[in-house]
Amino acid sequence: QVQLEESGGGLVQAGGSLRLSCAASGRNFNSYVIAWFRQAPGQERDFIAAIRWNGGTTRPAESVKDRVTISRDSDKDIVYLHMSTLKPEDSAVYYCATGLAAYSDSFRYRENDMDYWGKGTLVTVSS
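Here we summarise the structure given alongside this text.

## Overview of the overall build of the protein chain
Link 1 in the chain: Tallying secondary structure elements over the protein chain gives 0 helices and 10 strands in all.
Link 2 in the chain: Relative to the globule expectation of 14 Å for 127 residues, the C-alpha radius of gyration of the protein chain, 13 Å, shows essentially globular dimensions.
Link 3 in the chain: When the backbone C-alpha atoms are referred to their principal axes, the protein chain occupies close to 40 × 25 × 25 Å.
Link 4 in the chain: In the protein chain, buried positions account for 43% of the 127 residues.

## Quick look at the state of the cysteines
Link 1 in the chain: If you walk through the whole model with that rule in mind, you get 1 disulfide.
Link 2 in the chain: In this model, C22 is linked to C96 through a disulfide, with the two sulfur atoms separated by 1.8 Å. With the S-S bond torsion at -65 degrees, the cross-link from C22 to C96 turns out left-handed. Placement of the pair is C22 in strand β3 (residues 18–25) and C96 in strand β8 (residues 92–100), with a sequence separation of 74 residues. There is no split in this pair, since C22 and C96 are both buried.

## Overview of the environment of R19
Link 1 in the chain: One can find R19 in strand β3.
Link 2 in the chain: Classification of R19 by relative accessible area gives partly exposed; the value is 47%.
Link 3 in the chain: The residues contacting R19, other than those within four sequence positions of it, are S7, G8, Y80, L81 and H82.

## Overview of the pairing of strand β6 (residues 68–73)
Link 1 in the chain: Pairing analysis gives 6 bridges linking β6 to strand β7 (residues 78–83), with the strands arranged antiparallel. Note that in β7 the partner of V68 across the bridge is M83.
Link 2 in the chain: Hairpin connection from β6 to β7: 4 residues lie between these consecutive antiparallel strands, with D77 at a positive phi of about 50 degrees.

## A closer look at the pattern of salt bridges
Link 1 in the chain: The full count for this structure, using the stated rule, is 6 salt bridges.
Link 2 in the chain: D115 serves as the salt-bridge partner of R27, at 2.7 Å between the closest nitrogen and oxygen. Of this pair, R27 sits in the loop between β3 and β4 (32–39) while D115 sits in the loop between β8 and β9 (116–117), and the two are 88 residues apart along the sequence.
Link 3 in the chain: Overlapping salt bridges bring together R38, R67 and D90 as one network.

## Structural notes on the packing of aromatic side chains
Link 1 in the chain: With the rule as written, the count across this model stands at 6 aromatic pairs.
Link 2 in the chain: For the pair F29 and Y32, a centre-to-centre distance of 6.5 Å together with 80 degrees between the ring planes defines the contact as edge-to-face.
Link 3 in the chain: Pairwise contacts between aromatic rings join F37, F47, Y95, Y109 and W117 into one cluster.
Link 4 in the chain: Note that R19 overlies the ring of Y80, its terminal NZ or CZ placed 4.3 Å from the centroid.
Link 5 in the chain: Taking NZ or CZ as reference, R27 lies 3.9 Å from the ring centre of Y32, over its face.

Conventions used here
- Residues numbered from 1 in each chain as written.
- Predicted model: local features only at pLDDT ≥ 70, side-chain atom pairs only at ≥ 80, totals over all residues.
- Heavy atoms only, no water.
- Helix = DSSP H or I, 4+ residues; strand = E, 2+ residues; numbered from the N terminus.
- Rg over C-alpha atoms; globule rule 2.2 N^0.38 Å.
- Buried < 20%, exposed > 50% of the residue type's maximum accessible area, 1.4 Å probe, protein only.
- Disulfide = S-S within 2.5 Å.
- Contact = heavy atoms within 4.5 Å.
- Pairing = 2+ DSSP bridges.
- Salt bridge = Lys/Arg side-chain N within 4 Å of Asp/Glu carboxyl O.
- Phe/Tyr/Trp six-rings, centres within 6.5 Å; stacked < 30°, edge-to-face > 60°.
- Lys NZ or Arg CZ within 6 Å of the ring centre and 35° of its normal.

Pasting the structure below:
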């Protein structure tokens with residue numbers, strides 16, 4: 001059974017930083033990516049970044065690429081999303097998801113490319 005569990009969300013002041021974690025289990029992820037999406041109230045669920053489980057280039061979404069990095073800790077089977085210079089508009093529920101890497105050749109994925117999702121972690125950026 002595939003399980004993804006996010007952690008690390010919370011309240012942060014504008015201009016600050018957070019590191020979100022996604023613990024992945026239940027599958028051999030070698031052919032998959034771990035991706036981060038976010039969704040604010042009344043908004044679409046937007047792609048943030050993805051990383052191949054077995055390595056490769058990352059390419060975060062244009063809207064956040066200067067402030068976001070994604071990395072993997074293989075010893076702990078954890079993928080991190082590092083966010084800096086946070087803005088109030090970054091406030092959202094952040095979701096970890098996984099899907100076949102082959103669904104995209106650009107490292108930017110759509111919601112429907114993912115087959116399993118975590119339950120999300122809330123990030124609130126105060127002004």
